[in-house]
Amino acid sequence: MGWGGKIDRNPKRHTQQNPRNKIKFLILLTNRCFCIICYGMNQIKIVPIFDQTAPGVWDDFLRIRATAMECNYNYELSSDELERALSEYKNEYQRASYNFAFGAYDNKKMVGFIRGNGVRSTATIKCLYVLPDYQKHRIGHNLLSTAERSIAPAYKNIELISLWHAEKFYQH
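In this report, we go over the structure that sits alongside the text. Model, not experiment: these values are computed from the prediction.

Looking only at helices and strands, the protein has 4 helices and 8 strands in total. Each helix and strand of the protein, ordered N terminal to C terminal, gives the series β-β-β-β-α-α-β-β-β-α-β-α. The buried share among the 172 residues of the protein stands at 44%. For the protein, the share of sequence-separated contacts (at least 6 apart) that also reach a separation of at least 24 residues comes to 57%. Per element, the accessible surface of the protein, about 10400 Å² overall, is 49% carbon and sulfur.

The next subject is helix α1 (residues 57-73). For α1, with 17 residues, the first-to-last C-alpha span of 24 Å sits near the 24 Å given by 1.5 Å per residue. Listed in full, the buried residues belonging to α1 are V57, W58, D60, F61, L62, I64, R65, A66, A68 and M69. The secondary structure elements touched by the buried residues of α1 are α2 (79-95), β5 (98-106), β6 (109-119) and β7 (122-130). Immediately beyond the C-terminal end of α1, within one or two residues, lies N74, with a positive phi of roughly 55°.

Burial of β6 is extensive: 9 of the 11 residues sit out of reach of the surface. The pairing of β5 with β6 spans 9 bridges and is antiparallel. From the neighbouring strand, F102 faces β6, where its bridge partner is I114. Sheet analysis places β6 next to β7, joined by 8 bridges and oriented antiparallel. Paired with F113 across the strands is Y129, a residue of β7.

What follows covers the nonpolar core. Generally speaking, soluble globular proteins have nonpolar side chains that are buried together. Counting residues in hydrophobic clusters, the biggest one holds 40 residues, and the most contacted among them are F61, F113, I114 and L143. Broken down by secondary-structure element, the contributors of at least two residues to this core are β4 (42-48), α1, α2, β5, β6, β7 and α3 (139-151). For this core, the element with the most residues is α1, which contributes 8 residues. If near-sequence neighbours (up to four positions away) are discounted, I114 is found in contact with F100, A101, F102, I125, C127, L128, L143, L144 and A147.

Quick notes on the rules
Residues numbered from 1 in each chain as written. Predicted model: local features only at pLDDT ≥ 70, side-chain atom pairs only at ≥ 80, totals over all residues. Heavy atoms only, no water. Helix = DSSP H or I, 4+ residues; strand = E, 2+ residues; numbered from the N terminus. Buried < 20%, exposed > 50% of the residue type's maximum accessible area, 1.4 Å probe, protein only. Contact = heavy atoms within 4.5 Å. Areas by Shrake-Rupley, 256 points an atom, 1.4 Å probe, with all protein chains shown as cover. Expected span 1.5 Å × (residues − 1). Pairing = 2+ DSSP bridges. Core = buried A, V, L, I, M, F, W, Y, C linked by side-chain atoms within 4.5 Å.

Below, the structure written as structure tokens:
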């Protein structure tokens, strides 16, 4: 399950020290906003998903969304809700003039994603989900900041659509 695109192989490298647990983050900044996050012994890569229609991408989106909703909110998505979500992803992808998505990958497994689109002067972040086992490791934060850095130069406004239960996450 790849991300459907090419990565800039000549990034600018920056390191940051995380004051809480002294883990060094290697952040690779390119025009594609690629970065690496340390997660235990693994490295989580945040990469752009250039082609959301690539095989397995929407399946990964649905798997992560359903798992996060069940674990975080004790809400199991029905097959009808999953089908509506898939239809929504496809329709938004086809209708919008500009789409963006970034995936967080542990090796080749997608463990989180952020997606949205842009219309006129406003970019809208439609959803951000991270698998429960990978939460509380700044993966969601890094997905959000990567998307914001990527879309900010092209849009005057950035909107965020969120579940009200997720409000605490966005306050940090």
